[in-house]
Amino acid sequence: MPAYKRILLKLSGEALMGDDAFGINRATIVRMVREIREVTALGVEVAVVIGGGNIFRGVAGGSVGMDRATADYMGMLATVMNSLALADTMRLEGMTARVMSAISIDQVVEPYVRPKALQYLEEGKVVIFAGGTGNPFFTTDTAAALRGAEVGAEIMLKATKVDGVYTADPKKDPSATRYPSLTFDEAIIKNLAVLDATAFALCRDQKLPLKVFSIVKPGALKRVVLGEDEGTLVHV
Ligand SMILES: Nc1ncnc2c1ncn2[C@@H]1O[C@H](COP(=O)(O)OP(=O)(O)O)[C@@H](O)[C@H]1O
Ligand SMILES: O=c1ccn([C@@H]2O[C@H](COP(=O)(O)OP(=O)(O)O)[C@@H](O)[C@H]2O)c(=O)[nH]1
């Protein structure tokens with residue numbers, strides 16, 4: 001029995017690269033989609049937010065002298081590309097997905113309309129929220145928290161390169177240890193950068209629990225959805 005009826009899954013854009021240097025790795029995206037399909041087969045309603053870091057990161061553009069807001073809009077467009085790739089892979093795998101964008105590019109994707117998104121979820125379609133929050137200076141983690149709260153997801157699941165929340169960035173500090181669980185306040189006070197502070201605060205204020213787990217570990221998503229011991233739970 002799944003532990004949740006409706007989830008908001010945040011997929012790292014960077015993880016789509018697989019072992020490639022940039023862009024979308026075919027085998028990686030197919031593997032991710034099959035893991036999501038297993039979860040929808042359990043009757044769980046799935047909303048997805050995917051990042052854009054494999055194509056463009058606003059901070060990187062900003063750091064080479066670009067206007068930060070312009071660079072961020074490029075980042076948002078990158079999430080639209082990833083969302084389209086994800087939805088199309090879902091189609092090939094026999095699933096039905098709908099992409100809704102926070103920035104209007106009507107010829108390409110339909111705009112985000114909350115009641116419509118709720119309707120799709122109730123119909124068992126996967127809804128992919130593209131374009132982040134539609135605003136510069138935000139991240140797709142914040143978009144995930146925002147949409148998760150809006151559609152009434154019971155939990156936000158962040159599938160990323162690390163298998164949980166650590167006492168420090170495990171990529172930089174090999175002595176860091178993983179928390180089984182912690183509160184949002186602890187995460188914010190300790191400045192744990194696995195999620196940005198805006199996203200942490202939004203989850204906390206809206207009482208949307210968060211699970212951080214590995215995007216590369218096979219079967220991890222399903223175990224999380226079944227309520228098994230996997231990753232790190234961040235709670236109020
Ligand atoms: N305390 C921490 N615990 C776990 N990961 C951390 C921590 N601090 C920083 N990180 C880093 O945060 C990264 C995940 O966040 P982010 O770079 O936004 O990835 P994503 O592409 O999934 O959005 C991890 O790859 C990890 O290196
Ligand atoms: O609401 C948003 C969401 C995303 N972005 C931009 O889109 C880029 C890609 O998103 P993100 O870095 O969150 O992707 P991920 O880390 O998951 O690959 C960010 O760097 C920002 O430049 C933005 O400006 N506003």
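Computed from a prediction, not measured in an experiment: that's the story for all the values here.

1. Here we look at the site of ligand 1
Item 1. Residues in close proximity to ligand 1 total 18 residues, the closest being K10, S12, T160, Y166 and D169.
Item 2. Within the contact set of ligand 1, an oxygen atom lies 2.8 Å away from a side-chain nitrogen or oxygen of D169.
Item 3. In isolation ligand 1 offers 570 Å² of accessible surface; the protein chains occlude 87% of this area.

2. Describing the packing of helix 5 (residues 140-150) against helix 7 (residues 197-205)
Item 1. For the pair helix 5 and helix 7, the least separation of the axes is 8 Å and the interaxial angle reads 10 degrees. What the angle tells us is that helix 5 and helix 7 run roughly parallel. When you trace helix 5 past helix 7, the crossing you get is left-handed. In this structure, helix 5 contributes D141, T142, A145 and L146 to the contact, and helix 7 contributes T198, A199, L202 and C203.
Item 2. Looking at the contact of helix 5 with helix 7, its residues break down into five nonpolar, two polar and one charged.

3. Focus: the packing of aromatic side chains
Item 1. Applying the stated criterion to the full structure yields two aromatic pairs.
Item 2. Ring centres 5.4 Å apart and planes at 85 degrees place the aromatic pair Y112 and F129 in the edge-to-face group. Within this pair, whereas Y112 is found in the loop between strand 4 (110-111) and helix 4 (114-122), its partner F129 is found in strand 5 (residues 126-130), the two being separated by 17 residues in sequence. Each of the two residues, Y112 as well as F129, counts as buried.
Item 3. When the ring centre of Y112 is taken as origin, the NZ or CZ atom of R147, which lies over that ring, is 3.6 Å away.
Item 4. The ring of F129 has R147 lying over it, and the distance from NZ or CZ to the ring centre is 5.8 Å.

4. So, the UniProt feature "binding site: UMP" (unreviewed entry) in the chain
Item 1. Taking the numbering used here, the UniProt-annotated feature "binding site: UMP" (unreviewed entry) corresponds to G52, D72, T133, G134, N135, P136, F137, F138, T139 and T140. For the annotated residues, spread through 89 residues, the largest C-alpha to C-alpha distance comes to 14.2 Å, consistent with a single compact locus.
Item 2. Within the secondary structure, P136 sits in the loop between strand 5 and helix 5.
Item 3. With a relative accessible area of 14%, P136 lands in the buried category.
Item 4. Contact partners of P136, with chain neighbours within four places excluded, come to A69, D72, Y73 and M76.

5. A look at the confidence of the model for the chain
Item 1. Across the chain, the average pLDDT comes to 96, with 100% of residues at 70 or higher.
Item 2. Interface predicted TM-score (ipTM) for the complex: 0.95; the corresponding pTM is 0.97.

6. A word on a nonpolar patch on the surface
Item 1. A cluster of nonpolar side chains, V64, M66 and M74, forms an exposed patch at the surface whose accessible area comes to about 270 Å².
Item 2. Within the secondary structure, M74 sits in helix 3 (residues 68-92).

7. Some details on the nonpolar core
Item 1. The biggest cluster of nonpolar side chains holds 36 residues, and the ones touching the most others in it are I7, L11, L86, M90, I128 and L157.
Item 2. No other element matches helix 1 (residues 26-40), which puts six residues into this core.
Item 3. If you look at the next biggest cluster of nonpolar residues, it comprises 33 residues, including L121, F184, A199 and L210.

8. Description of the environment of L221
Item 1. Relative to the helices and strands, L221 is located in helix 8 (residues 220-225).
Item 2. Overall, the relative accessible area of 6% leaves L221 in the buried class.
Item 3. C-alpha of L221 to C-alpha of A159: the two residues are 62 residues apart in sequence and 7.9 Å apart in space.
Item 4. Those residues in contact with L221 that sit more than four places away from it in its chain are L9, E35, I36, V39, L157 and F213.

9. Concerning the site of ligand 2
Item 1. Residues in close proximity to ligand 2 total 20 residues, the closest being G53, D72, T133, N135 and T140.
Item 2. A distance of 2.7 Å separates a nitrogen atom of ligand 2 from a polar atom in the backbone of N135.
Item 3. Residue F138 places a main-chain N or O atom 3.1 Å away from a nitrogen atom belonging to ligand 2.
Item 4. In the complex, 94% of the free accessible area of ligand 2, which totals 530 Å², lies under the protein chains.
Item 5. The element contributing the most residues to the shell around ligand 2 is helix 3, with three residues.
Item 6. Taken together, the residues of the shell around ligand 2 sort by class into four nonpolar, twelve polar and four charged.

Rules behind the numbers
Residues numbered from 1 in each chain as written. Chains lettered and ligands numbered in written order. Predicted model: local features only at pLDDT ≥ 70, side-chain atom pairs only at ≥ 80, totals over all residues. Heavy atoms only, no water. Near = heavy atom within 4 Å. Polar contact = N/O pair within 3.5 Å; in protein donor to acceptor, adjacent residues only side chain to side chain. Areas by Shrake-Rupley, 256 points an atom, 1.4 Å probe, with all protein chains shown as cover. Axes fitted to C-alpha atoms, helices over the stretch in contact; angles between N-to-C directions. Helix = DSSP H or I, 4+ residues; strand = E, 2+ residues; numbered from the N terminus. Parallel < 35°, antiparallel > 145°, perpendicular 65-115°, else oblique. Left-handed = near helix turned anticlockwise from the far one by under 90°. Contact = heavy atoms within 4.5 Å. Nonpolar A, V, L, I, M, F, W, Y, C, P; charged D, E, K, R; others polar. Phe/Tyr/Trp six-rings, centres within 6.5 Å; stacked < 30°, edge-to-face > 60°. Buried < 20%, exposed > 50% of the residue type's maximum accessible area, 1.4 Å probe, protein only. Lys NZ or Arg CZ within 6 Å of the ring centre and 35° of its normal. UniProt positions renumbered as here; feature names shortened; annotations may be inferred. pLDDT = per-residue confidence, 0-100. Patch = residues over 30% accessible without salt bridge, like charges linked within 9 Å, V, L, I, M, F, W, Y side chains within 5 Å. Salt bridge = Lys/Arg side-chain N within 4 Å of Asp/Glu carboxyl O. Core = buried A, V, L, I, M, F, W, Y, C linked by side-chain atoms within 4.5 Å.

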